[in-house]
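# Fold and contact review
One-letter residues, chain by chain:
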Amino acid sequence: MGNSPRTLQPLREDWQRALCVVAHPDDLEYGAASAVARWTSQGKEISYLLATRGEAGMDGVDPEKAGPLRVAEQRAGALEVGVDTVEFLDYPDGTVEYGLPLRRDITRAIRKAKPDVIISYAFTERLAGRITNQADHRAVGLATLDAARDAGNRWIFPELAEEGLHPWTGVRFVCFGSAPQPSHGVDVTDFLHAGIASLAAHREYMLGLGEAAFDPTGLLTSAATAYGERLGVGRAVAFDVFEIIPDTATLEARA
């Protein structure tokens, strides 16, 4: 019993705008996109920000050709779940470094988008299933968490004010997908098909995986079923949630 996965709490959805920040094309499609489909169906405003164009992700394709291909597939995948704003920071794929430039660029994007919630990818050394995480994921995930606070501090990156980007203190929480110990879940029973279509849009990338290729339907359905059991629904995706602005219920529970 002690080793049983813990029950997931329903993720709050009393918000309107989210910014999704990840390292590569397809990072959001390994689960989070199904939740995005649910949220866009509710009329929420969702936008994507990617640190790289994924140009180093296809072993048999030159980066100059792979980059535009992966961008096109990412835009197609985003449209499958109702997202039409996809932007790129153009960091070099595979060698993204955590540091002030990355934090500044993500802070800039947060101040522009003014999100209530940020969605990202786990920055832990291991992912769910004890999979070893990739360097870019770790750098971008941690920088995103830090930027969520940086965005609200006028004395951090004050040069952004010269661009007309003033502090944004409205980020309530940051959600990390593929986390080894998720805390919250989102019911995607009626939206898993959209998430699968979003991942399947990365067709050329998946074909390039060769022997490592996988079936998007099987992969996402298996994970969503397991998380659904922990949330008490048919299918779910899970996130590890970091509060930036504690909600009233949380404060009362801590009192």
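What you see is a predicted model, and the numbers here were worked out from it, not measured in a lab. (Residues numbered from 1 in each chain as written. Predicted model: local features only at pLDDT ≥ 70, side-chain atom pairs only at ≥ 80, totals over all residues. Heavy atoms only, no water.)

Attention shifts here to the packing of aromatic side chains. Applying the stated criterion across every chain yields a total of six aromatic pairs. Residues Trp-15 and Trp-39 carry aromatic rings whose centres are separated by 5.1 Å and whose planes lie at 75° to one another, so their mutual orientation is edge-to-face. On the criterion of sequence distance, the pair formed by Trp-15 in the loop between β1 (9-10) and β2 (17-22) and Trp-39 in helix α1 (residues 32-41) is long-range, its members being 24 residues apart. Overall, the relative accessible area of 0% leaves Trp-39 in the buried class. With a centroid separation of 5.4 Å and an interplanar angle of 80°, the aromatic rings of Phe-176 and Phe-242 are classed as edge-to-face. Taken together, the residues span a long stretch of sequence, with Phe-176 in strand β6 (residues 173-177) and Phe-242 in strand β8 (residues 236-243) at a distance of 66 residues. An aromatic cluster of three or more residues is present, and its members are Trp-15, Trp-39 and Phe-239. Above the face of the Trp-15 ring, Lys-44 is positioned so that its terminal group lies 4.6 Å from the ring centre. (Phe/Tyr/Trp six-rings, centres within 6.5 Å; stacked < 30°, edge-to-face > 60°. Helix = DSSP H or I, 4+ residues; strand = E, 2+ residues; numbered from the N terminus. Buried < 20%, exposed > 50% of the residue type's maximum accessible area, 1.4 Å probe, protein only. Lys NZ or Arg CZ within 6 Å of the ring centre and 35° of its normal.)

Before going further, it helps to examine helix α7 (residues 216-231). Counted at 1.5 Å a residue, the expected span for α7 with its 16 residues is 22 Å, and the 22 Å between its end C-alpha atoms agrees. For α7, the complete set of buried residues consists of Pro-216, Leu-220, Ala-224, Tyr-227, Gly-228, Arg-230 and Leu-231. For α7, the buried positions fall inside an angular range of 155° around the axis, keeping them on one side. Structural note: α7 exposes Ser-222 and Glu-229 on the side pointing more than 90 degrees away from its buried face. Residues of α7 that are buried sit in contact with β1, β7 (184-187), α5 (192-200), α6 (203-207) and β8. Following α7 by one or two positions, Gly-232 adopts a phi angle in the positive range, close to 85°. (Expected span 1.5 Å × (residues − 1). Arc of directions from axis to C-beta. Contact = heavy atoms within 4.5 Å.)

Our next topic: the sheet that holds strand β5 (residues 117-121). Read across the open sheet, the eight strands follow the order β1-β7-β8-β6-β5-β2-β3-β4; overall the sheet is mixed. Looking at strand neighbours, the two that pair on one side only are β1 and β4 (86-88), the edges of this open sheet. Relative to β6, β5 is paired through five bridges, and the arrangement is parallel. Counterpart to Val-117 in the pairing with β6 is Phe-173. (Pairing = 2+ DSSP bridges.)

That's the geometry; what it means functionally is another story.
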